[in-house]
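Read off the chains here:
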Amino acid sequence: MTASAAEVAPADRFEWFREAVSTELMPLTVSTERAAGFRAEITHVELGPVQVSNFAFSPARGRRTPAHIRRGDPEQYQLALIAEGSFYTSQLGHESLVTGDLVLTDTSRPMENVSASEGGQARAVMLQIPRSALPLRSDRVDRLLAQRISASEGTGAILASFLGTLLDHGPRCRPEELLRMGSITLDLATACLAQQLGTPDQAPAEARSQVLLQRIHGFIDRNLDDPALTPQAIADHHRISLRGLYALFREQPTSVAATIRQRRLERCRADLACRDLSSHSIQAIAARRGFSSATVFSRAFREQFGITPTGHRTHALQA
C-alpha cells in the first residue's frame, strides 16, 4: 500500500504527513521548517509478524514524550535503514547521527529524531518488530538503542539488502509468501541484533540458518558464470558439509543444484533478448553463463520456459 502527500492540497501536505506518522507509527510531535512545499510518500508491506514501511519525506523533527507513550504505544522495536539523508536519533541516553546505516529505537521509551537531506528529501526503510516477537532480552537490546548499526558489512548488510528487496517485490507476492518472508525477516533482524550484542550464538538456530542461507544465495549470484560452481564448491566455501547445505535448502522452493541451473537459465534468457548480444551465438551465451554442453542447455531452457533458445531470441528481438 502506498500513500502520497501529493494527493492532497499543497497547503495541507505537512498536516497529512504528521497525521499519517502519528497513526501508522505512534503518537509523537512532528515539526518542520519547510511546511510550504512539503513532500512525503509512505509505502507499507505487511509481513505477518512484522511490517516493512518506506518513509520518504522533506526534512522534519520528531519528538516522543512520556505523554505520547501514555496516549498510545504499539510496543515495538523499530529498526530503520537510513537510505537517503541523515538522521540524528536520541534515546535512553544514547545518540547517533546515521547516514546509510541502521538504527534501532523502542516505541516504549521517549526519543527524538531529526532528519536532514541536502537533496531535499530523507528516506528511511522501517522494520516494525513487536517487542514480544524479538527473542532477545530487552535489557540487552537496550544497549543498542539509538546506536549506529553498519549496513555495509556482516548481517547488517544482508538485512539491509533484504529489506530493499521486500519493498521492491513484496507487493507482488501472495499472502502466504508474505507470511514466510515475515518470518525470514524477523530471523535476519534477530541475528543482526544478536551479532551487535556480541552473542550471535544466542540467536535462534533458524535465525543463524537464514543468515547463512542469504550468504549462500549471494555467493551463487556472484559466481553463476563459473562452470565449477557446484553444491560441493558452495559447501566448501562456507565451511559446511554437503549434507548441511542440502538441509538448508530443504524448505526452499528448489534444491541448491536446481537453484544454480534456474538462475543461469534466467541470465541466458535475458542475454538472448539483448540486442547488443545478437551477434553472439547461442552456444557462446550458454558457455558464458556456465553451461558446458549446448545440448544440455537447450533441453533445460525448453523445460524451464516452454520455448527453445532460438525461438525465444527470435521472438524477443522482433518484439
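What counts and what doesn't
- Residues numbered from 1 in each chain as written.
- Predicted model: local features only at pLDDT ≥ 70, side-chain atom pairs only at ≥ 80, totals over all residues.
- Heavy atoms only, no water.
- Helix = DSSP H or I, 4+ residues; strand = E, 2+ residues; numbered from the N terminus.
- Buried < 20%, exposed > 50% of the residue type's maximum accessible area, 1.4 Å probe, protein only.
- Areas by Shrake-Rupley, 256 points an atom, 1.4 Å probe, with all protein chains shown as cover.
- Lys, Arg positive; Asp, Glu negative; His and termini not counted.
- Charge placed at Lys NZ, Arg CZ, Asp CG, Glu CD.
- Phe/Tyr/Trp six-rings, centres within 6.5 Å; stacked < 30°, edge-to-face > 60°.
- Expected span 1.5 Å × (residues − 1).
- Pairing = 2+ DSSP bridges.
- Contact = heavy atoms within 4.5 Å.
- Axes fitted to C-alpha atoms, helices over the stretch in contact; angles between N-to-C directions.
- 1 Å grid on protein atoms, 1.4 Å probe; cavity = no way out; pocket = protein on both sides within 12 Å on 5 of 7 lines; lining within 4 Å.
- Points joined across faces, edges and corners; volume = space filled by probe spheres on them.
- Core = buried A, V, L, I, M, F, W, Y, C linked by side-chain atoms within 4.5 Å.
- Nonpolar A, V, L, I, M, F, W, Y, C, P; charged D, E, K, R; others polar.
- Arc of directions from axis to C-beta.

J.: I'd like a description of the overall build of the protein, backed by residues and values.
T.: A count of helices and strands for the protein gives twelve helices and twelve strands. Viewed in the frame of its principal axes, the protein has a C-alpha envelope of about 70 × 50 × 35 Å. Taken across its 319 residues, the protein has 45% of its residues classed as buried. Of the roughly 16,000 Å² of accessible surface on the protein, a fraction of 48% belongs to carbon and sulfur atoms. Considering the protein, the positive charge centre built from 36 side chains and the negative charge centre built from 34 side chains are found 5 Å apart.

J.: Hey, could you go over the packing of aromatic side chains for me, with residue numbers and the actual values?
T.: Applying the stated criterion across every chain yields a total of seven aromatic pairs. Relative to F87, the ring of F57 lies with its centre 6.0 Å away and its plane at 90°, an arrangement referred to as edge-to-face. On the criterion of sequence distance, the pair formed by F57 in strand β4 (residues 50-57) and F87 in strand β7 (residues 86-91) is long-range, its members being 30 residues apart. Residue class for F57 comes out buried when judged on its relative accessible area of 8%. F87 gets classed as buried once you look at its relative accessible area, which sits at 9%.

J.: Can you explain helix α4 (residues 154-169)? Please cite residues and give values.
T.: Taking 1.5 Å of rise per residue, 16 residues should cover 22 Å, and α4 covers 23 Å from first to last C-alpha, within 8% of that figure. For α4, the set of buried residues is T155, G156, I158, L159, A160, F162, L163, L166 and L167.

J.: Kindly report on the pairing of strand β3 (residues 40-47), identifying the contributing residues and their values.
T.: With six of its eight residues buried, β3 lies for the most part within the structure. Bridge count between strand β1 (residues 2-4) and β3: three bridges; the pairing is antiparallel. In the strand pairing of β3, T2 is matched with T43.

J.: Describe in detail the sheet that holds β3, supporting the description with residues and values.
T.: The seven strands are arranged β1-β3-β4-β11-β6-β9-β12 in an open sheet whose pairing can be described as antiparallel. At either end of the open sheet lies a strand with only one pairing partner, and these are β1 and β12 (148-149). Seen against the sheet, α4 touches β3, β4, β6 (76-84), β9 (102-106) and β11 (122-130) and runs at an angle of roughly 80° to β4. Its contacts with the sheet place helix α5 (residues 175-196) against β3, β4, β6, β9, β11 and β12, and it is angled at close to 100° to β3.

J.: Residues and numbers for the layout of surface pockets, please.
T.: Put simply, the largest pocket is a space of about 1,300 Å³. Around the largest pocket, the lining comprises 33 residues; the ones closest to its centre are F162, M181, Q214, H217 and R263. Here the lining of the largest pocket gets nine residues from one element, more than from any other, and that element is helix α6 (residues 205-222). By volume, the second largest pocket amounts to about 190 Å³. Lining the second largest pocket are ten residues, and of these S209, Q210, A247, L248 and E251 sit closest to its centre. For the lining of the second largest pocket, the leading source of residues is α6, giving four residues.

J.: Would you mind going over the nonpolar core in detail, with residue names and values included?
T.: If you look at soluble globular proteins, the nonpolar side chains tend to sit buried side by side. Among the nonpolar cores identified, the biggest contains 37 residues, and V52, L79, L104, L127 and I129 are the most heavily contacted of them. Going through the elements one at a time, β3, β4, β6, β9, β11, α4 and α5 are the ones with two or more residues in this core. Per-element accounting of this core gives the leading share, nine residues, to α5. With residues up to four places along the chain from it excluded, the contact list for L104 reads Y77, Q78, L79, Q91, V141, L144, L145, A146, Q147 and L193.

J.: Quick one: what's the story with empty space enclosed by the protein, residue by residue and with numbers?
T.: Summed over all chains, the structure comprises one cavity of 30 Å³ or more. The computed volume of the largest cavity comes to approximately 350 Å³. Lining the largest cavity are 24 residues, with L25, F57, F87, N113 and M126 positioned closest to its centre. No other element matches strand β10 (residues 111-116), which puts four residues into the lining of the largest cavity. Residues of the lining of the largest cavity, tallied by class, amount to 17 nonpolar, six polar and one charged.

J.: Explain helix α12 (residues 309-318) to me, using residue names and the numbers behind them.
T.: Within α12, the full set of buried residues consists of P309, H312, R313 and L317. Projected down its long axis, α12 shows its buried positions confined to an angular sector of 115°, all on one face. Residues of α12 that are exposed and point over 90 degrees away from its buried face: H315 and Q318. Summarising the contacts, the buried residues of α12 are in contact with α9 (256-272), α10 (282-288) and α11 (294-305).

J.: Residues and numbers for the side chain of H68, please.
T.: With respect to the secondary-structure elements, H68 resides in helix α2 (residues 66-71). Each residue touching H68, except ones within four places of it in the same chain, is listed here: P27, L28, T29 and R63.

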